[in-house]
Amino acid sequence: MTEHTTSRVRWFLVFWMFILSVVAFLDRVNIAAAGSAIASAYRLSNVQLGNIFSALLVGYALFQAPGGRLADRLGPRRLLAAGVVWWGIFTGLTALVPPNIAHPLLLFIAIRFLLGVGEAVVYPSSNQFVSRWIPTQERGLANGWIFAGVGVGAGLSPPLVTYIMLHYGWRWSFWACSIIGLVAGIVWYLAARDTPREHPLVSQNELNHIEAGIKANTSPTG
C-alpha cells in the first residue's frame, strides 16, 4: 500500500464493532423469546423466569467499572475478543442445563449472571477503540454505528430465535447464537489492533488523518 493510498481500516473496524454490538444484544435477549419453552421444560414459574432474566442485568451492571479498568489495561482488541468468546461459552451453556437437574433455577441464574459479567466489557472496549482509532470529528458517526447494533440486535433477535426454535428446538437457538458470537469474536481478533500504528493495512495517509484528529482533541488551548 503506497503512501498516496488512503485506506479505510478504521471504518471496517467500526462496522465490526457494530456486528459485535448486535451479537451482544442477541445473546442478551434471546432468552426472552425462548423463555416460555424454558419455563415449560424446567417447570419454572414466571417469577423464577424473571429472576433468570434479571441475573444477567445484575452481572452486567456490577462489572461495568471493572470492565472499563480492564479495557484501559488490556486494550480493546484482546479484551473484546475474550469477552465475545466468554459470551459464546455461557450462551451455549444455557442450552446445556440438564433437564432433570435438581435445582435448575440456581444454575440458570449463575450462567446468566456470568454472561452479564462478560457482556459488561463491550462498551468500555468500544470507547477505548474509538479513543485510539477515530479522529474527534468522526466520533459521533462511529459511535452512532456502534450503538445502532443495539437496535438491530433487538429487532433481529425475536424472529431469528423464534424461527430456530420452531424448526430445531429452543436449545439450538442458544447454540446458534453461541456459534455466531464465536465466529464474530475470531474475526475481530484477527482484524483488529489496539492502535492504528500496529495495523499492517493502515496506510500512511489514514494514519496521519487519525493521529492529526486525535492530537487536535488533546492539544492545549488558549
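Up top is the structure.
Cut-offs and rules
Residues numbered from 1 in each chain as written. Predicted model: local features only at pLDDT ≥ 70, side-chain atom pairs only at ≥ 80, totals over all residues. Heavy atoms only, no water. Salt bridge = Lys/Arg side-chain N within 4 Å of Asp/Glu carboxyl O. Helix = DSSP H or I, 4+ residues; strand = E, 2+ residues; numbered from the N terminus. Buried < 20%, exposed > 50% of the residue type's maximum accessible area, 1.4 Å probe, protein only. Axes fitted to C-alpha atoms, helices over the stretch in contact; angles between N-to-C directions. Parallel < 35°, antiparallel > 145°, perpendicular 65-115°, else oblique. Left-handed = near helix turned anticlockwise from the far one by under 90°. Contact = heavy atoms within 4.5 Å. Nonpolar A, V, L, I, M, F, W, Y, C, P; charged D, E, K, R; others polar. Patch = residues over 30% accessible without salt bridge, like charges linked within 9 Å, V, L, I, M, F, W, Y side chains within 5 Å. Areas by Shrake-Rupley, 256 points an atom, 1.4 Å probe, with all protein chains shown as cover. Core = buried A, V, L, I, M, F, W, Y, C linked by side-chain atoms within 4.5 Å. Expected span 1.5 Å × (residues − 1). Phe/Tyr/Trp six-rings, centres within 6.5 Å; stacked < 30°, edge-to-face > 60°.

Remarks on the pattern of salt bridges
With the rule as written, the count across this model stands at four salt bridges. Here Arg10 and Glu138 are joined by a salt bridge, their closest N and O atoms 2.9 Å apart. Separated by 128 residues along the polypeptide, Arg10 in helix 1 (residues 9-42) and Glu138 in the loop between helix 6 (122-133) and helix 7 (139-168) bring together distant segments of the chain. A single burial state applies to Arg10 and to Glu138, both of which are buried. Of the charged contacts in the structure, one is a salt bridge between Arg28 and Glu119, with a shortest N-O distance of 3.0 Å. Here Arg28, found in helix 1, pairs with Glu119, found in helix 5 (residues 104-119); they are 91 residues apart in sequence, far enough to count as distant.

Looking at the packing of helix 1 against helix 2 (residues 46-62)
Helix-helix packing is characterised by the crossing angle of the two axes and by the distance between the axes. Two numbers describe how helix 1 lies on helix 2: the axes approach to 10 Å, and their chain directions differ by 160 degrees. Classified by the angle between their axes, helix 1 and helix 2 sit roughly antiparallel to one another. In the crossing of helix 1 with helix 2, the sense of the turn from one axis to the other is right-handed. Along the contact surface, helix 1 presents Arg28, Ile31, Ala32, Gly35 and Ala39, while helix 2 presents Leu49, Ile52, Phe53, Leu56 and Tyr60. Among the residues forming the contact of helix 1 with helix 2, the class breakdown is eight nonpolar, one polar and one charged.

So, a nonpolar patch on the surface
A contiguous nonpolar surface patch, about 560 Å² in accessible area, is contributed by Tyr163, Tyr168, Trp172, Ile179 and Val183. For the nonpolar patch, the leading source of residues is helix 8 (residues 170-191), giving three residues. Within the fold, Ile179 resides in helix 8.

Some remarks on the nonpolar core
One finds Ile38, Phe129 and Trp188 to be the most contacted residues of the largest nonpolar core, which totals 50 residues. Those elements giving two or more residues to this core turn out to be helix 1, helix 2, helix 4 (76-94), helix 5, helix 6, helix 7, helix 8 and helix 9 (204-218). In terms of residue count, the dominant contributor to this core is helix 1 (13 residues). Setting aside chain neighbours within four positions, we find Phe129 in contact with Arg10, Leu13, Val14, Met17, Pro76, Ile134 and Trp188.

What about helix 6?
In a regular helix each residue adds 1.5 Å, so twelve residues correspond to 16 Å; helix 6 covers 16 Å between its end C-alpha atoms and thus fits that length. Of all twelve residues that make up helix 6, nine are buried, and the element is covered over most of its length. Taken together, the buried positions of helix 6 are occupied by Val122, Tyr123, Pro124, Ser125, Ser126, Gln128, Phe129, Val130 and Trp133.

Comments concerning the environment of Gln137
Its place among the elements puts Gln137 in the loop between helix 6 and helix 7. Sequence separation between Gln137 and Gly213 is 76 residues, and the spatial gap between their C-alpha atoms is 7.0 Å. Once residues lying within four places of it in the same chain are set aside, the contact partners of Gln137 are His209 and Gly213.

A closer look at unusual backbone geometry
Backbone phi values are negative for most residues with the exception of glycine, while trans is the configuration of most peptide bonds. Phi angles above zero are rare outside glycine, and Arg43 is one such case at about 55 degrees. Following the sequence through the fold, Arg43 ends up in the loop between helix 1 and helix 2.

A few points about the packing of aromatic side chains
A full pass over the atoms with the stated rule returns 13 aromatic pairs. Look at Phe12 and Trp16: their rings are 5.9 Å apart centre to centre, the planes differ by 20 degrees, and that puts the pair in the stacked class. Of this pair, Phe12 and Trp16 are both found in helix 1, four residues apart, which corresponds to roughly one turn of the helix. Relative to Trp188, the ring of Phe129 lies with its centre 5.9 Å away and its plane at 75 degrees, an arrangement referred to as edge-to-face. Here Phe129, found in helix 6, pairs with Trp188, found in helix 8; they are 59 residues apart in sequence, far enough to count as distant.

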